[in-house]
Amino acid sequence: MKKSFLVLLLAVLLPSLLLGFLALRNVQEQQIVLERRTAELYQQQTDKVATSARSLISEQRHAFAETLRQLLAEENATVLASHFTARLRTRWNQPAIGFALDEAGHFLSPTLQDAAAAPKIRQFLQENSAFLGGKATAPVYPVILEELNRPELTQRSRANGTSQTYGKKAFDNANNYPSKAAPKEALPPKNGPFDNVLPSQQRNVVPQQQNAPAESQVYGANAEFREFTAEGNEGVVNRFVQDRLNMIFWVRPFTARQLVFGCLLRAEDLQGLWPGLFDATLRGAGDDGQAADFVLALLDDKGQPVAISPADGRTYEWKKPFVASEIGEALPHWEAALYLRNPEQLQASARRQQRSLYLLIGCALVAIALGGGVVFRDTRRQLVLAQQKTDFVSNVSHELKTPLTSIRMFAEILHGGRTAPERQPEYLRIMLVEAERLTRLINNVLDFSRLDRRERRLQKRALDLHEVLERFWPGCEFHLHEAGFTARWESAPPPYPIVGDEDALTQVLVNLLANAEKYGGDRKEVILRSHLEDRFLCLGVLDRGIGVPGGEEGKIFEPFYRAHDSLASGISGTGLGLALAKRIVHEHGGEIFCQPRPGGGSHFTVRLPLARLDP
Ligand code: ADP
């Protein structure tokens, strides 16, 4: 028994538990992969916004260079330099302050008169003359032109021969845009011309996805303006003045290499640029932006949104986007950020998936446990049955042997003529009783196996069972008296009309009465009771014997089951008598059961349906 339980445990339960555990782990891993994929997908969105932002800046730079080219075509460079501020204002619609410097870094424009006339220009000179004039270094973010993204713009500028990287080579190592996790080695060498690299800064947003770098990948340096203009043809240098981002576009025309034309744009004045920022991104997402489950925003260096798409009027935790990409040196410390409209959705679907898996595994385990239990119970029953059958064989042998032995013994005595004549009837009677017992036993075994194999067909016919009992009882009563029992038949008035097999029903009564005798104990009393109840005939066999142990009243009707073990009780038997009786009674549409008899003993009842009497 223990072995089969162990087999069940090792072969079924443990592997199922293991499989369940593996499935769970797999789902968790899947979840992580899914989250990572989602983050990657969304990261592509913010990367696109960042690229788009760089493109917009690049377009402005081109617009400035183009305007300058046209102006230079119209007038001499030196003349243009003297009034460049005013000329630029009239020719370019951006609120930029143009300036021109000579080789020594002196301002050719704006002039002091310009400054006196316009406070904006005055402020420009105050804030920038030292840096632009080459008299002081300042923390700056030089932009590598190739990396002002949009490949076609870069190509165009190359074709025009205007493209350049800084002659200083300092940032040339940074082949990838720094925002894409540029390795630290890509940093400008400390001992190079930009030896005053600014210390790296924390990003001003904390993206929620894993592995997002916490440090800004945008690098600045303390440098002089002249360090950029000395060797290059054009460029962009960004710097913060009074906490405001200023963009400086500059060009050294081929026709007048000694001059530097430039303009300063304040990022906060570029509001008009940003609305076009997201169009391409959302279209690129392939869902036309409709019902997107995220919101994109361009955040300035203070982490505040300057543009939002779609503008749903909601306020998000701007500094805690789901994913974010730095724009780069083109807009230092600005970020393209993505916010989930429904952050719980991601987790909810994960939780839902996990819950359904738990449920599935739970159900599978319960099913396995139940199935295992059923198999286990069945195995146990089979084992018990096998044991009972073994007992049965030995019991039957014993049952056969006992009467045979006594028959043989008395037959030998009679045959040898070794007994007084007056004892002979007694011996013959014993032999008869033993032969009857033998017959009964063999009948039981044969009938049971025939019924079991459905070979025995009952010969049912309409009969009055009272008449059957009248024929059957006297012999029985005599036999019981002989065995020292008081026996009586308490009979309700006839008739007891039923449709049944007389022999089979007699066999039921014989078995019940034989048991009453066998398990009759010391208070030798047997009652046969017959009465009508509703539309049933009830036959009761009552004794004052050892009784059926509590809880086993049902089991004793199972084949081979014996409530009183032969060894312990000393009463032999096959465990077939009641099983056979039950089958016969059921074949008659009736029922048989056993109850303890008040005052001791057992009370077996057979209920048979009455037949309608023919009129
Ligand atoms: P058996 O050949 O063992 O008597 P049965 O099928 O006739 O087989 O009875 C099954 C078991 O029911 C018996 O082994 C006995 O334990 C119990 N039993 C049957 N009749 C009685 C009774 N009158 N009193 C007590 N126990 C009984």
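Preceding this section is the structure that the text describes.
The structure presented is a predicted model; accordingly, all values stated were derived computationally and were not measured. (Residues numbered from 1 in each chain as written. Predicted model: local features only at pLDDT ≥ 70, side-chain atom pairs only at ≥ 80, totals over all residues. Heavy atoms only, no water.)

Participant: How do you make sense of the overall build of the protein chain when you look at a structure like this?
Facilitator: Check the secondary structure of the protein chain and you find 14 helices and 18 strands. Burial statistics for the protein chain: of 615 residues in total, 45% are counted as buried. In the protein chain, 68% of the contacts between residues at least 6 apart in sequence involve partners at least 24 apart. Only carbon and sulfur atoms are counted for the fraction: they give 54% of the accessible area of the protein chain, which is about 31900 Å². (Helix = DSSP H or I, 4+ residues; strand = E, 2+ residues; numbered from the N terminus. Buried < 20%, exposed > 50% of the residue type's maximum accessible area, 1.4 Å probe, protein only. Contact = heavy atoms within 4.5 Å. Areas by Shrake-Rupley, 256 points an atom, 1.4 Å probe, with all protein chains shown as cover.)

Participant: Sorry, what's going on with the site of the ligand here?
Facilitator: Around the ligand, the surrounding shell holds 19 residues, and the nearest of these are Y519, R562, H564, T574 and L578. For the ligand, an oxygen atom lies 3.0 Å from a polar atom in the backbone of A563. Separating an oxygen atom of the ligand from a side-chain N or O atom of H564 is a distance of 2.7 Å. Looking at the shell around the ligand, the elements that each hand over two or more residues are α12 (502-518), α14 (577-587) and β18 (602-609). Here the shell around the ligand is composed, by residue class, of 8 nonpolar, 8 polar and 3 charged. (Near = heavy atom within 4 Å. Polar contact = N/O pair within 3.5 Å; in protein donor to acceptor, adjacent residues only side chain to side chain. Nonpolar A, V, L, I, M, F, W, Y, C, P; charged D, E, K, R; others polar.)

Participant: What should I look at first to understand the nonpolar core in this one?
Facilitator: A general tendency of soluble globular proteins is for nonpolar side chains to be buried together. Counting 49 residues, the largest nonpolar core has F84, F249, W274 and L331 as the members making the most contacts within it. Tallying contributions element by element places helix α1 (residues 2-74) first for this core, with 10 residues. Those residues in contact with L331, other than ones at most four positions away along the chain, are A53, I57, N238, L245, M247 and W274. The next biggest cluster of nonpolar side chains, apart from the first, holds 48 residues, and it includes F472, V508, Y561 and I584. (Core = buried A, V, L, I, M, F, W, Y, C linked by side-chain atoms within 4.5 Å.)

Participant: For this particular structure, what's the right way to read the packing of aromatic side chains?
Facilitator: One pair of aromatic rings is described through two measures. These are the centre distance and the angle between the planes. In total, this model carries 20 aromatic pairs according to the counting rule given. Here F225 and W250 contribute two aromatic rings whose centre-to-centre distance is 6.4 Å and whose plane-to-plane angle is 85 degrees, an arrangement assigned as edge-to-face. Of this pair, F225 sits in helix α7 (residues 225-229) while W250 is found in strand β6 (residues 244-251), placing the two residues 25 residues apart along the sequence. For the pair F225 and W250, one class covers both residues: buried. Every member of this aromatic cluster is reached through a ring pair, and the members are F99, F107, F124, F131, F225 and W250. (Phe/Tyr/Trp six-rings, centres within 6.5 Å; stacked < 30°, edge-to-face > 60°.)

Participant: Even after reading the chapter, I still don't get the sheet that holds strand β9 (residues 305-309), so can you show me in this structure?
Facilitator: Whether parallel or antiparallel, the strands of a sheet pair through hydrogen bonds between backbone atoms. With respect to topology, 4 strands assemble into an open sheet ordered β9-β8-β11-β10, the strand pairing being antiparallel. Because the sheet does not close on itself, it has two edges, and the strands there are β9 and β10 (323-326). Across the sheet, the axes of successive neighbouring strands diverge by a mean angle of 20 degrees, strand direction being ignored. Pairing analysis gives 6 bridges linking strand β8 (residues 294-299) to strand β11 (residues 335-340), with the strands arranged antiparallel. (Pairing = 2+ DSSP bridges. Axes fitted to C-alpha atoms, helices over the stretch in contact; angles between N-to-C directions.)

Participant: Would you explain the sheet that holds strand β1 (residues 97-101) in this entry?
Facilitator: Strand order in the open sheet made by the 7 strands is β2-β1-β7-β6-β5-β3-β4, with antiparallel pairing throughout. Of all the strands in the sheet, just β2 (107-109) and β4 (221-223) have a single pairing partner and so form its edges. Strand-to-strand twist across the sheet, computed as the mean angle between neighbouring axes with direction ignored, equals 40 degrees. As paired elements, strand β3 (residues 138-143) and strand β5 (residues 234-241) share 4 bridges and run antiparallel to each other. In the strand pairing of β5, V143 is matched with V236. Along the sheet, helix α3 (residues 84-91) contacts β1, β2 and β7 (260-266); its crossing angle with β1, the most-contacted strand, is approximately 145 degrees. Against the sheet, helix α5 (residues 119-132) touches β1, β2, β3, β4, β5, β6 and β7, its axis set at about 110 degrees to β5.

Participant: Got a minute to help me understand the pairing of strand β16 (residues 536-543) in this structure?
Facilitator: A large share of β16 lies buried, amounting to 7 of its 8 residues. Of the pairings in the sheet, the one linking strand β15 (residues 525-533) to β16 comprises 8 bridges and is antiparallel in character. What sits directly across from E533, in β16, is F536. Connecting β15 to the next strand, β16, in antiparallel fashion are 2 residues, including D534 with a positive phi near 55 degrees.

Participant: What am I meant to see in the pattern of salt bridges here?
Facilitator: Where side chains of opposite charge bring their charged atoms close, a pairing between them can arise. Under the counting rule described, the total for this entry stands at 24 salt bridges. Close ionic contact of E268 with R266 constitutes a salt bridge, the shortest N to O distance being 3.6 Å. Classification of R266 as buried rests on a relative accessible area of 19%. Salt-bridge contacts for R607 lead to E591; the nearest nitrogen and oxygen are separated by 2.9 Å. (Salt bridge = Lys/Arg side-chain N within 4 Å of Asp/Glu carboxyl O.)

Participant: So what exactly am I meant to see when it comes to the packing of helix α11 (residues 465-482) against α12 here?
Facilitator: When two helices pack together, their arrangement is given by the angle between the helix axes and by the axis-to-axis distance. At a minimum axis separation of 11 Å, α11 and α12 run at an interaxial angle of 30 degrees. Between α11 and α12, the interaxial angle falls into the category roughly parallel. By crossing handedness, the relation of α11 to α12 is classed as right-handed. Contact with α11, carried on its side by L465, V468, L469, R471, F472, W473, C476, H479 and L480, involves E502, L505, T506, L509, V510, L513 and E517 of α12 and no other residues of that element. Here the contact of α11 with α12 is composed, by residue class, of 11 nonpolar, 2 polar and 3 charged. (Parallel < 35°, antiparallel > 145°, perpendicular 65-115°, else oblique. Left-handed = near helix turned anticlockwise from the far one by under 90°.)

Participant: Would you take a moment to explain a positive patch on the surface for this structure?
Facilitator: Together, R377, R380, R381 and K555 give the surface a local cluster of positive charge. Here K555 lies in the loop between β16 and α13 (566-569). By relative accessible area, which is 39% here, K555 ends up partly exposed. (Patch = residues over 30% accessible without salt bridge, like charges linked within 9 Å, V, L, I, M, F, W, Y side chains within 5 Å. Lys, Arg positive; Asp, Glu negative; His and termini not counted. Charge placed at Lys NZ, Arg CZ, Asp CG, Glu CD.)

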